[in-house]
Protein chains: 2
Amino acid sequence: MARGKSPTFELQRGAILQEAARLFADKGFHNASMAELAKACGVSKPLLYHYYRDKEHILFDIADSYMDQLLAIVAGVEAQDLDAEPQLAGLVMRFMEEYEHSQSQHVVLVQDVKFLQAAQEEYVVGKQRKVVAAFADAIERVEPGLKARNLAKPVAMILFGMINWTFTWLRADGHFTYADMAPVVTAILLNGVRGLLKDGGGLPGATSQQELAASR
Amino acid sequence: MARGKSPTFELQRGAILQEAARLFADKGFHNASMAELAKACGVSKPLLYHYYRDKEHILFDIADSYMDQLLAIVAGVEAQDLDAEPQLAGLVMRFMEEYEHSQSQHVVLVQDVKFLQAAQEEYVVGKQRKVVAAFADAIERVEPGLKARNLAKPVAMILFGMINWTFTWLRADGHFTYADMAPVVTAILLNGVRGLLKDGGGLPGATSQQELAASR
DNA sequence: CCTACCGATCGGTAGG
DNA sequence: CCTACCGATCGGTAGG
């Protein structure tokens with residue numbers, strides 16, 4: 001008869017996951033060793049293999065469980081049935097709040113997911129696509145004219161650029177905080193998107209582009 | 001008397017550099033082997049060590065020479081003595097044009113520079129800081145009010161987020177091109193920054209932030 | 001005594 | 001849950 005797992009199994013696993021996220025984010029997946037991870041967790045290297053089959057499964061669990069967190073945030077904001085602009089602002093605010101406390105997970109997601117096997121990578125990327133679709137929908141509600149030009153998704157990716165890039169320059173202990181920057185990002189996005197469809201707003205084919213080409 | 005180096009030395013070195021950028025960007029610095037690089041270059045592994053002392057010097061040369069290219073673009077736009085908005089738009093346009101043709105170099109810069117020795121990393125980061133300062137100055141010229149709030153540099157980093165993140169979603173063969181997206185980014189930035197200092201623009205302390213906190 | 005370049009193998013360490 | 005190891009592959013260099 002199977003004895004079942006120790007009641008502390010999930011706790012230990014979670015501790016390993018958190019330490020691994022920190023280590024992989026800091027040193028990179030291939031430059032971080034299982035021996036280092038074992039030492040950081042205060043356990044032997046073979047014991048790590050009691051909780052995870054191999055190094056790649058740890059990477060997958062970091063990325064997959066983090067995507068579940070982000071999807072839960074999306075669902076939570078959508079359940080509030082907000083108007084278009086507060087909903088988009090809420091998504092940005094909630095994501096940046098989450099990012100502040102998940103820096104390691106996010107860095108791993110961005111820099112190491114490509115090292116997963118194709119099937120596992122695709123599984124994580126599928127969840128990422130759901131998040132992008134939710135943001136694109138929210139953007140489309142704010143500026144419905146973007147839909148006709150298929151610009152909702154590109155604008156969503158531009159927004160993700162603004163907030164995801166914060167990992168390279170925003171420090172939790174720095175002069176500016178995530179709470180400071182979330183409204184700035186929201187303002188740039190909302191003001192920026194509102195002006196996007198006007199004449200001279202800079203859309204492909206508008207005059208500003210040709211002026212730049214001429215000044216080359 | 002020193003005979004000097006072969007006339008093809010610099011050509012060979014440049015070819016290795018380009019191939020290494022492609023390989024490191026694709027597989028990551030630590031997951032790419034010198035044997036693979038040698039094979040991709042069509043030379044023996046020992047011959048690589050004739051052109052570069054070790055693997056890390058290749059990484060440094062990729063990042064450092066790429067930063068020189070970006071600094072040259074900044075200098076070129078500044079030499080045009082444009083008005084504030086055309087100058088900022090020009091910087092964005094030129095950088096995205098460059099990015100389109102330097103995807104590998106840019107990915108290496110973003111994901112692998114942290115693996116350099118501290119002194120070499122700091123050298124590259126110093127050049128990055130010059131680029132950021134140039135963009136922050138251009139942003140400040142467009143919206144001088146940002147200076148008092150020390151927001152020029154954060155807004156510059158938000159802009160770099162928009163354009164640097166394109167590496168994760170813009171494909172040279174995709175539906176949208178860099179040439180399509182540069183004006184969109186410029187429009188979002190210019191419209192966004194213009195509205196940033198107005199009441200209700202979403203700056204730290206503005207009502208929108210408190211509303212979101214209340215709706216939590 | 002230089003450079004250019006090879007096949008073979010070095011000392012160490014990776015994941016398991 | 002440990003010590004002790006493995007097959008393989010790493011970055012870098014030996015002799016010629």
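Because the structure is a prediction, the values reported are computed rather than measured. (Residues numbered from 1 in each chain as written. Chains lettered and ligands numbered in written order. Predicted model: local features only at pLDDT ≥ 70, side-chain atom pairs only at ≥ 80, totals over all residues. Heavy atoms only, no water.)

(A) Structural detail: the overall build of chain A. Helix and strand counts for chain A come out as 10 helices and zero strands. For chain A, the sequential pattern of α-helices and β-strands runs α-α-α-α-α-α-α-α-α-α. The long-range fraction of contacts in chain A, counting pairs at least 24 apart against all pairs at least 6 apart in sequence, stands at 71%. Accessible surface computed for chain A: about 10200 Å², of which carbon and sulfur atoms make up 52%. (Helix = DSSP H or I, 4+ residues; strand = E, 2+ residues; numbered from the N terminus. Contact = heavy atoms within 4.5 Å. Areas by Shrake-Rupley, 256 points an atom, 1.4 Å probe, with all protein chains shown as cover.)

(B) Summary view of the interface of chain A and chain B. Taken together, the contacts link 53 residues of chain A with 53 residues of chain B. Here chain A packs against chain B, burying approximately 4300 Å² in sum over the two surfaces, 72% of which is carbon and sulfur. On the surface where chain A and chain B come into contact, there are zero salt bridges. Of all elements in the fold, only helix H1 (9–27), helix H5 (84–101), helix H6 (103–112), helix H8 (152–164), helix H9 (178–194) and helix H10 (207–214) of chain A reach the threshold of two or more residues within the side of chain A that touches chain B. With 10 residues, H9(A) is the largest single contributor of residues to the side of chain A that touches chain B. Grouping the amino acids of the side of chain A that touches chain B by side-chain chemistry returns 27 nonpolar, 18 polar and eight charged. (Buried area = accessible area lost by both parts, 1.4 Å probe. Salt bridge = Lys/Arg side-chain N within 4 Å of Asp/Glu carboxyl O. Nonpolar A, V, L, I, M, F, W, Y, C, P; charged D, E, K, R; others polar.)

(C) Region of the structure containing the protein's contact with DNA strand D. In the vicinity of DNA strand D, the contacting residues are A:Ser44, A:Pro46, A:Leu47, B:Ala32, B:Ser33, B:Met34, B:Lys45, B:Pro46, B:Tyr49, B:Asp54 and B:Lys55. Of all DNA strand D atoms lying within 4 Å of any protein atom, the proportion belonging to sugar or phosphate reaches 58%. Take B:Ala32: an N or O atom from its main chain is 3.0 Å from a phosphate oxygen of DNA strand D. One nitrogen or oxygen atom from the side chain of B:Tyr49 is found 3.2 Å from a phosphate oxygen belonging to DNA strand D. Per-element accounting of the surface near DNA strand D gives the leading share, three residues, to helix H3 (residues 45–51) of chain B. Counted by class, the surface near DNA strand D contains six nonpolar, two polar and three charged residues. (Near = heavy atom within 4 Å. Polar contact = N/O pair within 3.5 Å; in protein donor to acceptor, adjacent residues only side chain to side chain.)

(D) Region of the structure containing empty space enclosed by the protein. Scanning all chains against the criterion turns up one cavity of 30 Å³ or more. What lines the largest cavity is a set of 17 residues, and nearest its centre among them are A:Gly28, A:Asp112, A:Phe115, B:Asp112 and B:Phe115. Breaking the lining of the largest cavity down by element, the ones donating at least two residues are H6 of chain A together with helix H6 (103–112) of chain B. Class assignment for the residues of the lining of the largest cavity results in four nonpolar, eight polar and five charged. (1 Å grid on protein atoms, 1.4 Å probe; cavity = no way out; pocket = protein on both sides within 12 Å on 5 of 7 lines; lining within 4 Å. Points joined across faces, edges and corners; volume = space filled by probe spheres on them.)

(E) Representation of the packing of H9(A) against helix H9 (residues 152–164) of chain B in the model. At their nearest, the axes of H9(A) and H9(B) sit 11 Å apart, and the two run at 60° to each other. Regarding the angle of H9(A) to H9(B), the classification is oblique. At the point where H9(A) passes H9(B), the crossing takes the right-handed sense. For the pair H9(A) and H9(B), contact is made by A:Met181, A:Val184, A:Val185 and A:Ile188 and by B:Pro154, B:Val155, B:Ile158 and B:Met162, respectively. (Axes fitted to C-alpha atoms, helices over the stretch in contact; angles between N-to-C directions. Parallel < 35°, antiparallel > 145°, perpendicular 65-115°, else oblique. Left-handed = near helix turned anticlockwise from the far one by under 90°.)

(F) Region of interest: the confidence of the model for chain A. Taken over all residues, the pLDDT of chain A has a mean of 88, while the share at 70 or more is 88%. Scored below 50 in pLDDT, residues 205–216 of chain A makes 15 contacts in the model with residues more than four places away or belonging to other chains. (pLDDT = per-residue confidence, 0-100.)

(G) A look at unusual backbone geometry. Residue and element names in this part refer to chain B. A positive phi angle, close to 50°, is found at Asp81, a residue other than glycine. Here Asp81 shows up in the loop between helix H4 (55–78) and helix H5 (84–101). Under the relative-accessibility criterion, Asp81 is labelled exposed at 69%. The phi angle at Asn150 is positive, at roughly 60°, despite the residue not being glycine. As for its placement among the helices and strands, Asn150 is situated in the loop between helix H8 (145–148) and H9. (Buried < 20%, exposed > 50% of the residue type's maximum accessible area, 1.4 Å probe, protein only.)

(H) Here's a closer look at the protein's contact with DNA strand C. Neighbouring DNA strand C are 15 residues; A:Met34, A:Lys45, A:Lys55, B:Ser44 and B:His50 lie closest to it. Atoms of DNA strand C within 4 Å of the protein: sugar and phosphate make up 67%, bases the balance. In the environment of DNA strand C, a base oxygen lies 2.7 Å from a nitrogen or oxygen atom belonging to the side chain of A:Lys45. Note that a phosphate oxygen of DNA strand C is positioned 3.5 Å from one of the side-chain N or O atoms of A:Tyr49. Contributions of two or more residues to the surface near DNA strand C are made by helix H3 (45–51) of chain A together with H3 of chain B. Broken down by element, the surface near DNA strand C gets its largest block of residues, four residues, from H3(B). Residues belonging to the surface near DNA strand C are distributed by class as follows: seven nonpolar, four polar and four charged.

(I) Focus on the relation of the copies chain A and chain B. With an axial shift of 0.0 Å and an RMSD of 0.1 Å, the rotation relating chain A to chain B amounts to 180°. Taken together, the rotation and translation relating the two chain copies correspond to the operation of a two-fold axis. Taken as a fraction of all interface residues of chain A, those also at the interface in chain B reach 100%, which identifies the copy contact as same-surface. (Least-squares fit on C-alpha atoms with pLDDT ≥ 70 in both.)

(J) Region of interest: the nonpolar core. Counting residues in each nonpolar core, the largest one holds 154 residues, and the members touching the most others are A:Phe95, A:Leu159, A:Met162, B:Phe95, B:Leu159 and B:Met162. Every residue in contact with B:Phe95, bar those within four places of it in the chain, is listed here: B:Leu70, B:Ile73, B:Val74, B:Val131, B:Phe135, B:Phe160 and B:Ile163. (Core = buried A, V, L, I, M, F, W, Y, C linked by side-chain atoms within 4.5 Å.)

(K) Here's a closer look at the packing of aromatic side chains. Considering all chains together, one arrives at 17 aromatic pairs over all chains under this definition. Ring geometry for A:Phe29 and A:Phe115: centres 6.3 Å apart, planes at 20°, overall stacked. Of the two residues, A:Phe29 sits in the loop between H1 and helix H2 (34–41) while A:Phe115 sits in the loop between H6 and helix H7 (118–142), which places them 86 residues apart along the sequence. Ring plane angle 80° and centroid distance 4.8 Å describe the contact between B:Phe95 and B:Phe135, whose orientation is recorded as edge-to-face. Placement of the pair is B:Phe95 in helix H5 and B:Phe135 in helix H7 (residues 118–142), with a sequence separation of 40 residues. Accessibility expressed as a relative area gives 0% for B:Phe135, which makes it buried. Three or more aromatic residues joined by ring pairs form one cluster here, namely A:Phe95, A:Tyr99, A:Phe135, A:Phe160 and A:Phe167. Geometry around A:Phe115 places A:Lys114 over its ring, the cationic atom sitting 4.9 Å from the centre. The positively charged end of B:Lys55 is found above the aromatic ring belonging to B:Phe29, 4.7 Å away from the centroid. (Phe/Tyr/Trp six-rings, centres within 6.5 Å; stacked < 30°, edge-to-face > 60°. Lys NZ or Arg CZ within 6 Å of the ring centre and 35° of its normal.)

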